[in-house]
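So the chains spell out like this:
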Amino acid sequence: MMSRRKLIAGNWKMNGLSGALGYFSELAPVAAGASADVLVCPPATLIHAAVQACAGTGIRVGGQDCHAQDHGAHTGDISAAMLRDCGASHVILGHSERRADHGETDGDVRAKAVAALAAGLVPVICVGETLAEREAGRAVEVVARQLAGSLPENSAILDLVIAYEPVWAIGTGRTASAADVAAMHAAIRERLPNPLTTCIIYGGSVKPGNARELLSLADVDGALVGGASLDAADFSAIIEAVSLENEPLR
Ligand code: PEP
């Protein structure tokens, strides 16, 4: 079986002033010994400084969104090329908070993913159902539709990451059960044009206490971590859970 290197990604959302950059000196030794790639997506104002703080550590820095155009009259927006220019390697796209707060559609996400890839960024494309959709038994149907609409057409040959984030588990302290996560990741993988090599990560209240169980699931290639990524010790513990995943749970 082809093995995919795991990815542990942190999403700081709208948190962090320049004083937060000391975080990276705490994270650097953990990332250096990690069995996973480590990505941190701070707010746009900190990307350049974070890239400098991470130089030589192997920690990658990403954006939380980008515009679909590469320049122009779009006040307040940032293009993928601008993110790349300040040293970002990845960009989160279609996060449920962007879909809810800014009305982003699957088509918008696809256009942004195309722009990200053209700029040399790896898109981290988020999909996930609401609680009402899960309770109605429509979770797989909803996620399949989001995938079909959000992935660029030639995604069989592209380097991208899928983040499965059930909306009801984000920032709520509620986590999907291991069985539900495993089933959804398998359903996503079946629908990918490049199933063997595409990294599918889980997001939704991942914490040091549940990371090991979630990360040990067959089709889970890592985690997208919101709240717990703001604390270097918690985020480090989640990164370290990757190397523990094959050890028996006591
Ligand atoms: C997220 O922001 O993508 C996320 C999963 O947040 P949290 O870990 O806080 O649920």
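Here the structure is shown first, and the text comes after it.
Computed from a predicted structure; not experimentally measured.

Asker: Is there a simple way to think about the site of the ligand in this case?
Answerer: Neighbouring the ligand are 14 residues; K13, E165, G171, S205 and G227 lie closest to it. In the model, an oxygen atom of the ligand is placed 2.9 Å from a nitrogen or oxygen of the H95 side chain. For the ligand, whose unbound accessible area comes to 290 Å², protein coverage reaches 98%.

Asker: What exactly am I supposed to notice about unusual backbone geometry here?
Answerer: Backbone geometry at K13 places phi at a positive 50°, although glycine is not the residue there. Along the polypeptide, K13 turns up in the loop between β1 (6-11) and α1 (23-32). Even without being glycine, S205 reaches a positive phi, approximately 55°. Along the chain, S205 falls in the loop between β7 (199-203) and α9 (208-215).

Asker: How should I be thinking about the state of the cysteines in this particular structure?
Answerer: Think of a disulfide as a covalent bridge from one cysteine sulfur atom to another cysteine sulfur atom. Applying the stated criterion across every chain, the model contains zero disulfides. Cysteine C54 remains unbridged, with the sulfur of C41 as its closest cysteine sulfur at 11 Å. C54 gets classed as buried once you look at its relative accessible area, which sits at 3%. Here C86 is not cross-linked by a disulfide; its sulfur's nearest cysteine counterpart is in C41, at 12 Å.

Asker: Explain the pattern of salt bridges to me, please; I cannot follow it from the model alone.
Answerer: In a structure, side chains of opposite charge can pair up when their charged atoms sit close to one another. All told, the structure shown has 15 salt bridges when counted by the stated rule. Between R110 and E153 there is a salt bridge; the shortest N-O distance is 3.9 Å. Remark: E153 occurs in the loop between α7 (139-150) and β6 (161-164) and R110 occurs in helix α5 (residues 106-119); sequence separation between them is 43 residues. Owing to a relative accessible area of 24%, R110 belongs among the partly exposed residues under this scheme. Three or more residues are tied together by salt bridges with common partners; here these are R4, R189, D219 and D221.

Asker: Sorry, what's going on with the pairing of β1 here?
Answerer: Put simply, side chains in a regular strand alternate between the two faces of the sheet. Extensive coverage of β1 is indicated by the burial of six of its six residues. The pairing of β1 with strand β2 (residues 36-41) spans six bridges and is classified as parallel. Opposite N11, over in β2, you have C41 as the bridge partner. Taking the sense of rotation as the criterion, the β-α-β connection linking β1, α1 and β2 turns out right-handed. Taken together, the four bridges between β1 and strand β8 (residues 222-225) define a ladder with parallel strand orientation. Across the sheet, residue G10 finds its bridge partner in β8, namely V225.

Asker: Before we go on, may I ask you to explain the sheet that holds strand β5 (residues 122-127) in this structure?
Answerer: By definition, the strands of a sheet pair up through backbone hydrogen bonds, in either a parallel or an antiparallel sense. The eight strands lie next to each other as β1-β2-β3-β4-β5-β6-β7-β8, forming a closed barrel whose pairing is parallel. The average angle at which neighbouring strand axes cross in this sheet is 25°, direction not considered. Sheet topology places strand β4 (residues 90-93) next to β5; four bridges connect them, and they run parallel. Among the inter-strand pairings, L93 is bridged to a residue of β5, identified as I125.

Reading guide: rules and limits
- Residues numbered from 1 in each chain as written.
- Predicted model: local features only at pLDDT ≥ 70, side-chain atom pairs only at ≥ 80, totals over all residues.
- Heavy atoms only, no water.
- Near = heavy atom within 4 Å.
- Polar contact = N/O pair within 3.5 Å; in protein donor to acceptor, adjacent residues only side chain to side chain.
- Areas by Shrake-Rupley, 256 points an atom, 1.4 Å probe, with all protein chains shown as cover.
- Helix = DSSP H or I, 4+ residues; strand = E, 2+ residues; numbered from the N terminus.
- Disulfide = S-S within 2.5 Å.
- Buried < 20%, exposed > 50% of the residue type's maximum accessible area, 1.4 Å probe, protein only.
- Salt bridge = Lys/Arg side-chain N within 4 Å of Asp/Glu carboxyl O.
- Pairing = 2+ DSSP bridges.
- Right-handed = clockwise from strand over helix to strand, strands pointing away.
- Axes fitted to C-alpha atoms, helices over the stretch in contact; angles between N-to-C directions.

It is worth stressing that arrangement in space is one thing and function is another; only the former is reported here.
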